[in-house]
Amino acid sequence: MDGNPRSDETPETQAPAHSEAEGASADTQAEAAQDGEVARLQAELEASRRRVNELARGLQDLTKDREEFKQRITRERERMLDVERGNVARTLLEAIDELDLVLANSQQDTSPLVQGVRMIRDSLLSKAQATGIERLQVVGRPYDPNVAEAADMEVTPVEGDDQKVVAEFRAGYRLKDRIIRPARVKVARYVAPAQA
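Cut-offs applied
- Residues numbered from 1 in each chain as written.
- Predicted model: local features only at pLDDT ≥ 70, side-chain atom pairs only at ≥ 80, totals over all residues.
- Heavy atoms only, no water.
- Helix = DSSP H or I, 4+ residues; strand = E, 2+ residues; numbered from the N terminus.
- Contact = heavy atoms within 4.5 Å.
- Areas by Shrake-Rupley, 256 points an atom, 1.4 Å probe, with all protein chains shown as cover.
- pLDDT = per-residue confidence, 0-100.
- 1 Å grid on protein atoms, 1.4 Å probe; cavity = no way out; pocket = protein on both sides within 12 Å on 5 of 7 lines; lining within 4 Å.
- Points joined across faces, edges and corners; volume = space filled by probe spheres on them.
- Nonpolar A, V, L, I, M, F, W, Y, C, P; charged D, E, K, R; others polar.
- Domains from an automatic or database assignment.
- Polar contact = N/O pair within 3.5 Å; in protein donor to acceptor, adjacent residues only side chain to side chain.

Caption draft 1: Just the overall build of the protein chain, in detail. Regarding its fold elements, the protein chain presents two helices and six strands. Reading the protein chain from its N terminus to its C terminus gives the helix and strand order α-α-β-β-β-β-β-β. When contacts within the protein chain are restricted to residue pairs at least 6 apart in sequence, those whose partners lie at least 24 apart make up 64%. When the accessible area of the protein chain is evaluated, it comes to approximately 14,800 Å², of which 54% is carbon and sulfur surface.

Written out as structure tokens, the structure is:
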């Protein structure tokens, strides 16, 4: 063996050693390309997940806003219905007041006409109460300008009765937490007795 290639060794038989190196290099490049593709796909997947999360939050916010809007509309509708009920109730309450005036001025408490008027008045009042209207109880209580109008004043020598309602000229009514008609009342005012 003189160091020369044998005649049966041809450049083709030597090529596989060189091809293996090229194949390894090609495999490395293919793996690098795959790793790059995997990294790109993972980045796209992460971006898609962020977008899906963003859209899901947007949908939740939209659903929440929609529910709040529906609740607000429902509250507004109820408030408007209460206002209209109050307007209708005022008319009904005026009729009850007129019947009260007839009963207060009647001379005969036992006549059939007076009894019929009383029945009509009681029926109207019970129907008003069935719709949620309640009469304000103000006599004997401290005067509250939110529920009553002071129409008259009465001097009292009792200091504890100062600013208390002593008489009611017209009944006041409330529907739920809203005053639909304030009471008209007489309020006591304390004046110290004169010392002799």
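Caption draft 2: Inspection of the confidence of the model for the protein chain at higher detail. Put simply, the protein chain has an average pLDDT of 84, and 87% of its residues get 70 or more. Considering each helix and strand of the protein chain separately, the mean pLDDT is smallest for helix H1 (residues 11-105), with a value of 84, and largest for strand S6 (residues 183-190), with 91. Low pLDDT, under 50, characterises residues 11-15; the stretch is placed with one contact to residues that sit more than four places away or in other chains.

Caption draft 3: Representation of the layout of surface pockets in the model. Of the pockets and cavities examined, the largest pocket occupies roughly 160 Å³. Every residue along the wall of the largest pocket is listed here: Asp97, Asp100, Leu101, Ala104, Arg135, Glu168, Phe169, Arg170, Ala171 and Tyr173. Mapped by element, the contributors of at least two residues to the lining of the largest pocket are H1 and strand S3 (165-170). The greatest single-element share of the lining of the largest pocket, amounting to four residues, is contributed by H1. A breakdown of the residues in the lining of the largest pocket according to their chemical character gives five nonpolar, no polar and five charged. Both domain 1 (34-131) and domain 2 (136-195) contribute no fewer than three residues apiece to the lining of the largest pocket.

Caption draft 4: Highlighting the environment of arginine 79. Note that arginine 79 resides in helix H1. For arginine 79, the side chain forms a polar contact with the side chain of glutamate 76, separated by 3.0 Å.

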